[in-house]
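# Coordinates in review
One-letter residues, chain by chain:
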Amino acid sequence: MSATTSKKPVANPTAAVPAILFALVLIAAGVVLGREALLKLGALDGPEWVGPAASHLDGLTAQQWMLPGGIAAVVVGFILVFVAVRPRRRTHRALTEQDIWLRKGDVAAVARTVALDNVGVDTATAKSGNKKVTVSASTLTGTDTSALKSSIVTSVDDALRPLASAPKVRTRVRTTGQPS
């Protein structure tokens, strides 16, 4: 077996939507031109569409709207070129193990589960970004929140150590309710 690395998982390209719309326009043009060809061959009966449209366009002169329309077309063209060459967004985080990836939601789930394992944590939520993980925990009245906050940060840091680039862990602890 060869030890080749796979490509990084990334989001779909931003250019996918404009490309699909352009493909649909080309398909529609192909259908219209195919209909025109079938009309010329005598396989279909009906009025022509392309001939009258071309006759109508023949002889047009410059209009007021054409300059702003041309400028708009150039701007849209530049935007489409930018969208086509723009790098795709990262969707996963690499682990230190080769070719193992976690989604951001999975990193948040690990952080939430580890936070819930701390003594004194009643409920917890976690949110993961590219560079940080935010854990929000709630505890019952009478719990030392500063010690709990430190404990959560330490345990989440330990759990996320296998990530190739460890995120910064932020923790919020709030007190809710009375102990039962």
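Description of the structure in this document. The shown structure was predicted, so the numbers you read here are calculated from the model rather than taken from an experiment.

### What to know about the overall build of the chain
Within the chain one finds five helices and five strands. Helices (α) and strands (β) of the chain occur, in sequence order from the N terminus, as α-α-α-β-β-α-β-β-α-β. Its C-alpha atoms give the chain a radius of gyration of 30 Å, more than 25% over the compact-globule value 16 Å for 180 residues. Along the three orthogonal principal directions, the C-alpha set of the chain runs to about 85 × 50 × 35 Å. Residue burial in the chain is summarised as follows: out of 180 residues, 17% are buried. Counting only contacts in the chain whose residues sit at least 6 apart along the sequence, the fraction spanning at least 24 positions is 57%. Working note: accessible area of the chain is about 12,900 Å², and carbon and sulfur atoms make up 63% of it. Measuring between centres, the 21 positive side-chain charges of the chain sit 9 Å from its 12 negative side-chain charges.

### Re the pattern of salt bridges
In total, this model carries four salt bridges according to the counting rule given. Between Lys40 and Glu48 there is a salt bridge, with the nearest N and O atoms lying 3.1 Å from each other. Residue class for Lys40 comes out exposed when judged on its relative accessible area of 65%.

### A word on the sheet that holds strand E4 (residues 132-139)
The strand order across the open sheet built from three strands is E3-E4-E5, with neighbouring strands paired in mixed fashion. At either margin of the open sheet sits one strand with a lone partner, and together these are strand E3 (121-128) and strand E5 (168-175). Between one strand and the next, the sheet's axes are offset by a mean angle of 15°, whatever the strand orientation. Summarising the sheet, E3 and E4 pair through seven bridges and their orientation is antiparallel.

What counts and what doesn't
- Residues numbered from 1 in each chain as written.
- Predicted model: local features only at pLDDT ≥ 70, side-chain atom pairs only at ≥ 80, totals over all residues.
- Heavy atoms only, no water.
- Helix = DSSP H or I, 4+ residues; strand = E, 2+ residues; numbered from the N terminus.
- Rg over C-alpha atoms; globule rule 2.2 N^0.38 Å.
- Buried < 20%, exposed > 50% of the residue type's maximum accessible area, 1.4 Å probe, protein only.
- Contact = heavy atoms within 4.5 Å.
- Areas by Shrake-Rupley, 256 points an atom, 1.4 Å probe, with all protein chains shown as cover.
- Lys, Arg positive; Asp, Glu negative; His and termini not counted.
- Charge placed at Lys NZ, Arg CZ, Asp CG, Glu CD.
- Salt bridge = Lys/Arg side-chain N within 4 Å of Asp/Glu carboxyl O.
- Pairing = 2+ DSSP bridges.
- Axes fitted to C-alpha atoms, helices over the stretch in contact; angles between N-to-C directions.

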